[in-house]
Amino acid sequence: MADKKGLKTFRNIGIIAHIDAGKTTVTERILFYTGRSYKMGEVHDGTAVMDWMEQEQERGITITSAVTTCPWRDHELHLIDTPGHVDFTIEVERSLRVLDGAIAVFCGVGGVEPQSETVWHQADRYHVPKIAFVNKMDRMGADFFQVVQQIRERFQTVPLVLHLPVGTESGFRGLVDLVRMKQITWDDESQGIKFELQEIEPQLRQEVHEAREELVAKLAEWDDELMEKYLEGTEILPSELIPVIRRKTLELKAVPILCGSALKNKGIQPLLDAVVDFLPSPMEVPPIKGINPNTQETETRPSSEKEPLSALAFKIQMDQGRKLTFARIYSGKLQVGSEIYNATKNTREKASRIFQMHANKRERLEESAAGNIVALMGLKTAATGDTLCAPSHPIILEPVGSYEPVISIAVEAKTRGDQEKLFDSLSKLTEEDPTFRYQENEDTGQIVISGMGELHLEIVLKRLERDYNLSVNAGKPQVVYRETITQPSRAEGVFDRDIAGTRHYAEVHLHVSPTERGSGNVVLNKVRDDSIPQAFIPHVEEGIGDALSSGSIMGYPVVDVESVIFGGKFQEGLSSEIAFRVAASVAFKKACELAAPVLLEPYMAVEILVPEEFLGDVLGDINLRKGKVENISPRKAIQVLKAVVPLSRMFGYSTALRSATQGRATFSMHFSHYDLASGT
């Protein structure tokens, strides 16, 4: 029973939001009020505990997700603070994959911003229940109800308003808890540690009564007992509302909405109460599912110490040259020195050390069990998305989703002696970050690194310098293009050659045609006459796969093509696997050259917040950049402009926008889709 009681008190939660919504400030307050840190760190001073990397402190942004543990109301909160910048979306993705609940932080002024939508939909994809915290209620232009309305419209969810702000903008001084029907006021002298529950001020009672009525009416629709009491007009207690709010939050049918100002130390304790009251323990999350690699059948692992071990490695971090593997344990126990089976890689390993993490500080453990998030040292082969399990009960869990890079630059070591060290360092960085890639161009000998955006690659270059003591020369950013075809065609590929004194022969007939943009590549086998024996078909498919990696225009990967194998020629004793593989590759390349190939480039979804008087200048600039404006909508004193622009035209845009708007406009962008290159 101790196992169950312990698990009931766990909360594995993440803090997710758009950049600058105040996630790290919220996290710092949580650490302070739970007693995990003795003083508040501030992002603007570079003293935030969770932003421990030098670059995070200098830039005032979160780059890597940090894990910590803190206590609240006899519960153990495992907390991950995630980045808000679109270039580091993978950090959010892999955190949400292993979390049971999330706090979505919204700026009271900015509301639902583009990256807020991205992370919200990521959470939905992994069925993660959420609480919304409307932060910065003390800021000029903050509008709580507008943010609530945006959450309702953009996410098609039911917002349950549990707080009402008391005072607006600089006059914000507290909030009304609609569940307990009390006003909460914080003591500024005590840095928000002390607060008072008071009777609601007379001038607020009418508004509070209406909001409470609306909340209870909504909850009564979902609960018969509550509906009965509501219709009878009987007083409804907080203890009757909380279980209904919790149930609907866990079902992803509703989202509790709270408010406060983290920077001014208001609203954090009620937020912590809401985490305990409304977000799930590991026991309330459906058992994790996976595939048994031996039987290929689906198996489940309930969250219990008594089950066989199953854990997911969700993040790799290099720490002073040593590899730390962050893992979420879903079932069973993990002990120092015990054998672990990596089912994804089919290898056996031992964890030499187990740590509970607090940002970049760590506490050694002898063992850990279901429901925990830990860091392991000593695992050599583990990578992001690998399943770690008991050797006697293998299982492969759903891996972490990944993203394709959209921007590249060429790099070279400044000295010949550093060239080998550069490859080694880049290899370590790709282990840590699945969205970062590097390759050596065979023709030029250049090393090309690719990532999610200019900032992403800038951070990588700084890390090479600081973490690996490497000075590199870097070229200008280049867009990662793709190639495709625009019409159907067919071709034959023949391979007839002597290799080491043996003749190899094969012929492959292919038909290629374009598919819908973004739908991916498809290979179909329609050989009906045994002209290619079935045993050779996989090698024909491999040959097509080889050819897809390099197109006929500029050697970029080919996408959105359907390849149909419809015939060929086979000669007994001469035809071989390699012959069919090469013949298929030749046939595909010929067919694509005849199918009017074109270049595709990445287009970015751009959102610009611009004061009314500069709208014309910004619109003109977007048109010059070959962008397509999709929507312009007013939001108080500013206009929100949404557009789709080729990435190649967006380099240096932040400087151009600042100078065109006297520094008053801001923008954010994320990858939208690949389409015809703007020059074609």
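Description of the structure in this document. If you're wondering where the values come from, they're calculated on a predicted model, not measured in any experiment.

About the cut-offs
- Residues numbered from 1 in each chain as written.
- Predicted model: local features only at pLDDT ≥ 70, side-chain atom pairs only at ≥ 80, totals over all residues.
- Heavy atoms only, no water.
- Helix = DSSP H or I, 4+ residues; strand = E, 2+ residues; numbered from the N terminus.
- Buried < 20%, exposed > 50% of the residue type's maximum accessible area, 1.4 Å probe, protein only.
- Contact = heavy atoms within 4.5 Å.
- Areas by Shrake-Rupley, 256 points an atom, 1.4 Å probe, with all protein chains shown as cover.
- Lys, Arg positive; Asp, Glu negative; His and termini not counted.
- Charge placed at Lys NZ, Arg CZ, Asp CG, Glu CD.
- Salt bridge = Lys/Arg side-chain N within 4 Å of Asp/Glu carboxyl O.
- Core = buried A, V, L, I, M, F, W, Y, C linked by side-chain atoms within 4.5 Å.
- Patch = residues over 30% accessible without salt bridge, like charges linked within 9 Å, V, L, I, M, F, W, Y side chains within 5 Å.
- Pairing = 2+ DSSP bridges.
- Axes fitted to C-alpha atoms, helices over the stretch in contact; angles between N-to-C directions.
- Parallel < 35°, antiparallel > 145°, perpendicular 65-115°, else oblique.
- Left-handed = near helix turned anticlockwise from the far one by under 90°.
- Nonpolar A, V, L, I, M, F, W, Y, C, P; charged D, E, K, R; others polar.
- Expected span 1.5 Å × (residues − 1).
- Polar contact = N/O pair within 3.5 Å; in protein donor to acceptor, adjacent residues only side chain to side chain.
- Phe/Tyr/Trp six-rings, centres within 6.5 Å; stacked < 30°, edge-to-face > 60°.
- Lys NZ or Arg CZ within 6 Å of the ring centre and 35° of its normal.

Time to look at the overall build of the protein chain. When helices and strands are counted, the protein chain shows 16 helices and 38 strands. Across its three principal directions, the C-alpha atoms of the protein chain cover 95 × 65 × 60 Å. Here the protein chain, with 680 residues, has 54% of them falling under the buried criterion. Residue pairs in contact within the protein chain that sit at least 24 positions apart in sequence constitute 72% of those at least 6 positions apart. Surface summary for the protein chain: the accessible area is close to 30000 Å², and the carbon and sulfur share equals 49%. Each charge class in the protein chain was averaged separately, 77 positive and 97 negative side chains, and the resulting centres sit 2 Å apart.

The next point concerns the pattern of salt bridges. Side chains carrying opposite charge are able to pair once their charged atoms draw close together. Here the structure, examined in full by the defined rule, presents 32 salt bridges. With a shortest N-O distance of 3.7 Å, Asp 223 and Arg 247 are connected by a salt bridge. Here the residue Asp 223 occupies a position in the loop between helix H7 (205-220) and helix H8 (224-232), and Arg 247 occupies one in helix H9 (residues 238-250), the gap between them amounting to 24 residues. Asp 223 gets classed as buried once you look at its relative accessible area, which sits at 17%. Between Lys 345 and Asp 386 there is a salt bridge whose closest N-O contact spans 2.7 Å.

This paragraph deals with the nonpolar core. A general feature of soluble globular proteins is that nonpolar side chains tend to end up buried together. Val 26, Ile 30, Ile 103, Phe 106 and Ile 151 are the most contacted members of the largest nonpolar core, which has 78 residues in total. For this core, the element with the most residues is helix H10 (residues 268-278), which contributes seven residues. The contact partners of Phe 106, leaving out residues within four places of it in the chain, are Ala 21, Gly 111, Val 112, Ser 116, Trp 120, Ala 132, Phe 133, Val 134, Asn 135, Val 147, Ile 151 and Phe 155. Counting residues in hydrophobic clusters, the runner-up holds 42 residues, among them Ile 407, Leu 422, Val 479 and Val 480.

What follows is about a negative patch on the surface. A cluster of like negative charges, contributed by Asp 224, Glu 225, Glu 228 and Glu 232, occupies part of the molecular surface. Note that Glu 232 resides in helix H8. A residue is classified by how much of its surface remains accessible, and Glu 232, at 57% relative accessible area, is exposed.

With that settled, the discussion passes to the pairing of strand S22 (residues 373-377). Regular strands place side chains that alternate from one sheet face to the opposite one. Counted residue by residue, S22 has five buried out of five residues, so it is predominantly covered. Residues Ile 373, Ala 375 and Met 377 of S22 are buried on one face, and the alternating residues Val 374 and Leu 376, pointing to the opposite face, are buried as well. Taken together, the five bridges between strand S15 (residues 322-331) and S22 define a ladder with antiparallel strand orientation. The residue bridging Phe 326 from the neighbouring strand is Ala 375, located in S22. Relative to S22, strand S19 (residues 353-358) is paired through three bridges, and the arrangement is antiparallel. Bridge pairing in S22 places Ile 354 opposite Leu 376.

Another point: the packing of helix H5 (residues 114-125) against helix H6 (residues 144-155). It is the contact of H5 with H6, at a shortest axis distance of 12 Å, that shows an interaxial angle of 55°. Accordingly, the angle class assigned to the pair H5 and H6 is oblique. Between H5 and H6 lies a crossing of right-handed hand. When H5 is examined against H6, the residues Ser 116, Glu 117, Trp 120 and His 121 are found in contact with a partner set consisting of Ile 151, Arg 154 and Phe 155. Considered class by class, the residues forming the contact of H5 with H6 number three nonpolar, two polar and two charged.

On to the sheet that holds strand S24 (residues 396-397). One open sheet accounts for three strands, arranged S13-S12-S24; its pairing is antiparallel. At either end of the open sheet lies a strand with only one pairing partner, and these are strand S13 (298-301) and S24. Relative to S13, strand S12 (residues 288-291) runs antiparallel, the two sharing four bridges. Bridge pairing links Gly 290 to Glu 299 in S13.

This brings us to H6. Spanning 12 residues, H6 covers 16 Å between terminal C-alpha atoms, matching the ideal 16 Å at 1.5 Å per step. N-capping of H6 is provided by Asp 143, with a side-chain oxygen placed 3.3 Å from the backbone N of Phe 145. Gln 156, located one to two residues past H6, shows a positive phi value of around 50°.

Time to look at the packing of aromatic side chains. If you walk through the whole model with that rule in mind, you get 12 aromatic pairs. Ring pairing ties together the aromatic residues Phe 106, Trp 120 and Phe 155, which thus form one cluster. For the cation-ring pair, Arg 125 lies above Tyr 126, with the distance from its terminal atom to the ring centre recorded as 5.6 Å. Against the face of Phe 355 rests Arg 362, its NZ or CZ located 4.7 Å from the ring centre.

Turning to the environment of Glu 201, a few remarks are in order. Position of Glu 201 among the secondary structure elements: in the loop between strand S10 (195-198) and H7. Here the alpha-carbon distance between Glu 201 and Phe 278, two residues 77 residues apart in the chain, equals 27 Å. Those residues in contact with Glu 201 that lie beyond four places of it in its chain are Val 166, Arg 173 and Gln 183. One polar contact links Glu 201 to Gln 183, side chain to side chain, over a distance of 2.8 Å. Polar contacts involving the side chain of Glu 201 include one to the side chain of Gln 203, which spans 2.8 Å.

Moving on, we come to the sheet that holds strand S23 (residues 387-389). Picture the strands of a sheet paired through backbone hydrogen bonds; they go either parallel or antiparallel. Spatial strand order, S18-S17-S23-S14-S15-S22-S19-S20: eight strands in an open sheet with antiparallel pairing. Only two strands of the sheet have a single neighbouring strand rather than two, namely strand S18 (347-350) and strand S20 (361-365). The average angle at which neighbouring strand axes cross in this sheet is 40°, direction not considered. With respect to the sheet, helix H4 (residues 89-98) is in contact with strand S14 (310-319) and S15, its orientation differing from that of S14 by roughly 145°. On top of the sheet, helix H11 (residues 419-432) reaches S14 and S15; it is set at about 145° to S14, its chief contact.

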